Amino acid sequence: MHIPDGYLAPAVSLALAIPTVPAWALASHKVKRVLNNRTVPLLAIFSALSFTIMMFNVPVPGGTTAHGVGGTLIAVVLGPWAAVIAVSTALVLQALFFGDGGVLAIFANCLNMAIILPFVGYATYRALAAGSPVLSTRRAVAAGIGAYVGITIAALAVGIELGIEPMLFSENGRALYSPYGLSTAVPAILAAHAFGASIVEGLITGLGVSYLQRRHPEYLTSLRGIFAPDADAEGAVTSRPLSQVVVAAVAASVAVLAVLGLAESGGDPARMFGVDWSHVDWPSVASMLLVTGLIGTVVVPLSYLLLPHNVRRVGAAFAAVAVVAPLGLIAPGFAYGEGGVGNVQAAFGYVPSGLNSLSGVFIAPLAGYNMPLPFFSEANAPLWHAGIGYELAGIIGILAVGGAVYAIARLLRGEPDRPAATGGER
């Protein structure tokens, strides 16, 4: 869903700043209403979670990959305006340091994933959860559905932005920027999300809300949303153990994705999602899992020990997500509309001139979430080398995003001891 440089004309990229920049300014004003000693670190942790989720690619129909965002989860806990700040910060740092999304396309990417996604997801959640207790199962289900709808609509926006480029900017029958027309881009990116990434996004959000209901209900009951304060009765959490909910939800999602993948391959497991899985070096995958697992045995407990007491469990859980992020390296293919010049050349037989000139306008220092050192990036290095580099780059990104949002939140809050507008510390 990240649009790279060269796929949008500069005029379009700048035009998309018109809705995006005012949204940033309004979010900065709105979010002050929930900033206190509890919400400042919580906002930073959720922004780091969004960054981590976006690192994790999953195979989807069409032989491509896609990822979740986590924007609706942030919106449910802290409100959509807080999600604007959290996800936008993650997206900007991704573009500047990791080359995930173009620097010229920052306004477009933030509009799609940091504004459209959380507001649509939150509005859907509010509509489905209206009248139900905050701690009810209905709330968690509504959050999951809202997340599914939010990221799917954001994907539609991406498809439209890519698809109108050939209509607006072409020369001698050839596109100057994105070569994917509306009739191709919209169905392809919608299918990739509706039957893949959107399911993952809904699962993450629904389980995230369910987890908070059971372990940290104060985040849902005393931290009211800043878009539309929730005045419903708190209710009680269902007695079903969280582990059962997690296992059932994950199993159901994996089953759905497996059925879709097999349907596309004609029943051949080696060709699930239309890609050739025989090209995957499975022994290297096993080595990568072992090494990253060992890193996790250090990182997760360390996160628990170093984080503030009121957020250490949530933070450690998010660190665990970061540990498994390199699993996304296993999936063959690349995200639709995010291929490089060589991918476009292979698909269309030519490279649009604008795409060719703008695609290399900025080279991120940790491009591809890889460490710029021989051990991690040498041509014939085994996959587990790249996995470690991916994990280390991710940890750097998590700390950078969390730290940046923490600093922004403290700056917006003003005086450290000033009570929040929602009633002070709780």
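Residues numbered from 1 in each chain as written. Predicted model: local features only at pLDDT ≥ 70, side-chain atom pairs only at ≥ 80, totals over all residues. Heavy atoms only, no water.

Caption draft 1: Inspection of the overall build of the protein at higher detail. Along the protein, the regular secondary structure elements total 17 helices and four strands. Counting across all 426 residues of the protein, residues that qualify as buried make up 52%. Sequence-distant contacts in the protein: of pairs separated by 6 or more residues, those separated by 24 or more amount to 77%. Here the protein displays about 17,300 Å² of accessible surface, and carbon together with sulfur accounts for 68% of that area. (Helix = DSSP H or I, 4+ residues; strand = E, 2+ residues; numbered from the N terminus. Buried < 20%, exposed > 50% of the residue type's maximum accessible area, 1.4 Å probe, protein only. Contact = heavy atoms within 4.5 Å. Areas by Shrake-Rupley, 256 points an atom, 1.4 Å probe, with all protein chains shown as cover.)

Caption draft 2: Local environment of the packing of aromatic side chains. This model, assessed by the stated rule, comprises nine aromatic pairs. A centroid spacing of 6.0 Å and a plane angle of 70 degrees characterise the contact between Phe51 and Tyr369, whose relative ring orientation is edge-to-face. Taken together, the positions of Phe51 in helix α3 (residues 39-55) and Tyr369 in the loop between α15 (353-358) and α16 (374-377) put the pair 318 residues apart, joining distant regions of the chain. Measuring from ring centre to ring centre gives 5.7 Å for Phe169 and Tyr177, while their planes differ by 90 degrees; the resulting arrangement is edge-to-face. (Phe/Tyr/Trp six-rings, centres within 6.5 Å; stacked < 30°, edge-to-face > 60°.)

Caption draft 3: A look at the packing of helix α4 (residues 71-78) against helix α9 (residues 182-215). Contact geometry of α4 with α9 gives a least axis separation of 8 Å together with a crossing angle of 30 degrees. In terms of orientation, α4 lies roughly parallel with respect to α9. The two elements α4 and α9 meet at a crossing, and its hand is right-handed. Listed contacts from α9 to Gly71, Thr72, Leu73, Val76 and Val77 of α4 are Glu201, Thr205, Gly208, Val209 and Leu212. For the contact of α4 with α9, the residue count by class is five nonpolar, four polar and one charged. (Axes fitted to C-alpha atoms, helices over the stretch in contact; angles between N-to-C directions. Parallel < 35°, antiparallel > 145°, perpendicular 65-115°, else oblique. Left-handed = near helix turned anticlockwise from the far one by under 90°. Nonpolar A, V, L, I, M, F, W, Y, C, P; charged D, E, K, R; others polar.)

Caption draft 4: Main features of helix α12 (residues 282-306). The end-to-end C-alpha distance of α12 is 35 Å, a good match for the 36 Å that 25 residues give at a rise of 1.5 Å each. Largest kink in α12: about 30 degrees, centred on Gly296. (Expected span 1.5 Å × (residues − 1). Bend = angle between axes of the 7 residues up to and from the residue.)

Caption draft 5: The arrangement of the confidence of the model for the protein in detail. Put simply, the protein has an average pLDDT of 81, and 83% of its residues get 70 or more. Per-element averaging of pLDDT across the protein places helix α11 (residues 242-265) at the bottom with 69 and helix α6 (residues 106-129) at the top with 96. Segment residues 224-229: pLDDT under 50, and 23 contacts once partners within four positions in sequence are set aside and those in other chains are kept. Ignoring residues within four places in sequence, the model shows residues 415-426, a span with pLDDT below 50, making 20 contacts including any to other chains. (pLDDT = per-residue confidence, 0-100.)

Caption draft 6: Spotlight on the environment of Ile160. Turning to its location among the elements, Ile160 is positioned in helix α7 (residues 137-163). Sequence spacing of Ile160 and Gly181 is 21 residues, and the spatial spacing of their C-alpha atoms is 8.7 Å. Leave out the neighbours within four places in its chain, and Ile160 touches Leu182 and Val186.

Caption draft 7: Representation of the packing of α4 against α6 in the model. Remark: α4 packs on α6, axes separated minimally by 8 Å, with the N-to-C direction vectors making an angle of 60 degrees. The orientation of α4 with respect to α6, classified from their angle, is oblique. The hand of the α4/α6 crossing is right-handed. Residues Gly71, Thr72, Ala75 and Val76 of α4 form the contact with α6, whose own contacting residues are Leu117, Pro118, Gly121, Tyr122 and Tyr125.

Caption draft 8: Geometry of a nonpolar patch on the surface. A surface patch of nonpolar side chains, about 390 Å² in accessible area, is lined by Leu96, Phe97, Leu104, Val361 and Phe362. By secondary structure assignment, the location of Leu104 is in the loop between α5 (80-98) and α6. The class of Leu104 is partly exposed, set by a relative accessible area of 37%. (Patch = residues over 30% accessible without salt bridge, like charges linked within 9 Å, V, L, I, M, F, W, Y side chains within 5 Å. Salt bridge = Lys/Arg side-chain N within 4 Å of Asp/Glu carboxyl O.)

Caption draft 9: Geometry of the side chain of Glu161. When you line up the elements, Glu161 lands in helix α7. No salt bridge is formed by the buried Glu161; the nearest opposite charge belongs to Lys30, separated by 23 Å. In this structure the side chain of Glu161 is engaged in a polar contact, spanning 2.8 Å, whose partner is the side chain of Asn112. Those residues in contact with Glu161 that lie beyond four places of it in its chain are Ile3, Leu8, Leu16, Ala108, Leu111 and Asn112. (Lys, Arg positive; Asp, Glu negative; His and termini not counted. Polar contact = N/O pair within 3.5 Å; in protein donor to acceptor, adjacent residues only side chain to side chain.)

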